[in-house]
Amino acid sequence: MMIAINLVKVLIVFAFVQAMAGLTLWAERRLSALMQDRWGPNRLGPFGLLQPLADSVKLLLKEDITPQGVDRLLYYLAPAMSLAPALMTVAVVPFGEPVTLFGQYVVPLQVADIHLGILFILAVGSLEIYGIVFGAWASNNKYSLLGGVRSVAQMLSYELFMGGSLVGVVMLTGSLRLNDIVASQQHLLWGWLPAWNLFRQPLGFVVFLVAAFAETNRLPFDLPESEQELVGGYHTEYSSMKFVMFFIAEYAAVFTMSALLATVFLGGYGLPGLSVAECGPVWWLPVAQAAVFLTKTLLFVLLFITVRWSLSRLRYDQLMRLGWKVMLPLALLNIVVTGTLMFLWRTTG
Amino acid sequence: MVDDVDLSAYFPVFVLTVLAVCAAFSIILLSHLFGPVARDRVKSRPYESGMPSLGGGRLRLSIEYYLMAIIFLAFDVEVTFLFPWGLIYGKSLELGSFILLEMFFFFIVLLAGYAYGWREGAYEWDSNREADRPG
């Protein structure tokens, strides 16, 4: 029975992430159109919502070109290696408190409730880079190769303090499980402020947010695919569905990163007063919590999109300098400050 | 906290992995099945802004990329050390300030390496640009 429940959960989340990737793509096109005083896709389905679906069907029927001189194995593997991890990272993100089904099965509302939650996301998330760099190398194209190596250097630099910025949260929580991290943010500070890590770890939040933009290759850090210099970057030579897969991977990563931001820094599915402890096990509670989680996540998705269409791209040396000379020291400073404050708070009462 | 390692919690992750990999490969397969094929010597050339490409597609890369990878290796191990330390930090505070002082010692060593890299210009992209300038 538990296996059946697990399978259903996996299928739902799997389908949901892909649907959200499509929805994010749609939202990006609509919002960018709004910001540039255009219409954007508005014909297919209500508000043009079916446009991503139609686009994939169209591209499915296009020729799948394999250019001369490509490394065939890697060229075919790369889109899959980029897409598969992007669909997996969301596995550990909880979207509600555990519910009891049929009076006996306690079901955590996430795919897998594992102890190493945060490390799982960081580890699987960084697997996406293999798809990018293999695709870039295999394409036998100068633009692709440059996009690929840029992407690697950028991801390496920014992953460093992405991990570092989360250490402060881990120190406060004493756990890597995302459920524990959410649970630790449910009380109120001074009776009115939700104890979200956004308020308890402001520096960590800022550093993580910057790293999140860089890790998902979004503007102002989208140098791996900067159109004006590199045509399309690592996916220049890709066509048909392989091209789409890189994009689904990118938008799924945006959604997952937003979900992680909401979970770690914005209290996840919790709002003050909205928990099993305070409302009792009523039927609408999981629905309400999932809605809260989704709202917070979509807020970050909107932030990702708005930033992309408002800021201009950094130069590559600026990007590297920002990463190594500003963000890395800030991440370490955050750990020192958190550690010292926790120590002082402990000793003085 | 870590009581025992319950691998059954990873079962759904395994299922999801299989699902994601299968989906990824089936999409590739689908586009091969449905896409039309019209081979063409010119079309299959590597794209280079519409010109015949000059030389191969695999360029020599600037040394900075390799340098970045080496610095990453050095620092990433340090960040990995910080996770288990941060995990037990709150609990260990009950035993006094040892764990805090330990962090300061660790950071001093880390910062020494970081400062050395800074002085050598390892974090500067295009650090030799000044030298390249004429005059």
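Residues numbered from 1 in each chain as written. Chains lettered and ligands numbered in written order. Predicted model: local features only at pLDDT ≥ 70, side-chain atom pairs only at ≥ 80, totals over all residues. Heavy atoms only, no water.

A. Representation of helix H13 (residues 284-310) of chain A in the model. Residue and element names in this part refer to chain A. In a regular helix each residue adds 1.5 Å, so 27 residues correspond to 39 Å; H13 covers 39 Å between its end C-alpha atoms and thus fits that length. Buried within H13 we find Leu285, Gln289, Val292, Phe293, Lys296, Thr297, Phe300, Val301, Phe304, Ile305, Val307 and Arg308. Residues of H13 that are buried make contact with helix H1 (2-35), helix H9 (202-215), helix H10 (227-230), helix H11 (240-265) and helix H12 (276-279). (Helix = DSSP H or I, 4+ residues; strand = E, 2+ residues; numbered from the N terminus. Expected span 1.5 Å × (residues − 1). Buried < 20%, exposed > 50% of the residue type's maximum accessible area, 1.4 Å probe, protein only. Contact = heavy atoms within 4.5 Å.)

B. Seen up close, helix H2 (residues 63-92) of chain B. In a regular helix each residue adds 1.5 Å, so 30 residues correspond to 44 Å; H2(B) covers 44 Å between its end C-alpha atoms and thus fits that length. Residue Gly86(B) marks the point of greatest curvature in H2(B), where the axis turns by about 30°. (Bend = angle between axes of the 7 residues up to and from the residue.)

C. View of the interface of chain A and chain B. Taken together, the 82 residues of chain A in the interface contact 72 residues of chain B. Between chain A and chain B lies a buried interface of about 6,900 Å² when both sides are counted; carbon and sulfur atoms form 74% of it. Contact with chain B buries area across many residues of chain A, yet Lys142(A), Trp324(A) and Lys325(A) alone supply 11% of it, more than any other trio. The interface formed by chain A and chain B contains zero salt bridges. Taken together, the elements giving at least two residues each to the side of chain A that touches chain B come down to H1, helix H3 (72-88), helix H4 (117-125), helix H5 (128-138), helix H6 (142-173), H11 and helix H14 (316-348) of chain A. Per-element accounting of the side of chain A that touches chain B gives the leading share, 17 residues, to H6(A). Of the residues assigned to the side of chain A that touches chain B, the class counts are 52 nonpolar, 16 polar and 14 charged. (Buried area = accessible area lost by both parts, 1.4 Å probe. Salt bridge = Lys/Arg side-chain N within 4 Å of Asp/Glu carboxyl O. Nonpolar A, V, L, I, M, F, W, Y, C, P; charged D, E, K, R; others polar.)

D. Focus on empty space enclosed by the protein. Residues and elements named next belong to chain A. Scanning the entire structure with this criterion turns up two cavities of 30 Å³ or more. Here the largest cavity is characterised by a volume of approximately 180 Å³. Residue lining of the largest cavity: 14 residues in total, with Ile121, Gly125, Glu128, Glu215 and Met257 positioned closest to the centre. Of all the secondary structure elements, the ones that give two or more residues to the lining of the largest cavity are H4, H6 and H11. (1 Å grid on protein atoms, 1.4 Å probe; cavity = no way out; pocket = protein on both sides within 12 Å on 5 of 7 lines; lining within 4 Å. Points joined across faces, edges and corners; volume = space filled by probe spheres on them.)

By themselves, these observations are geometric and do not establish any function.
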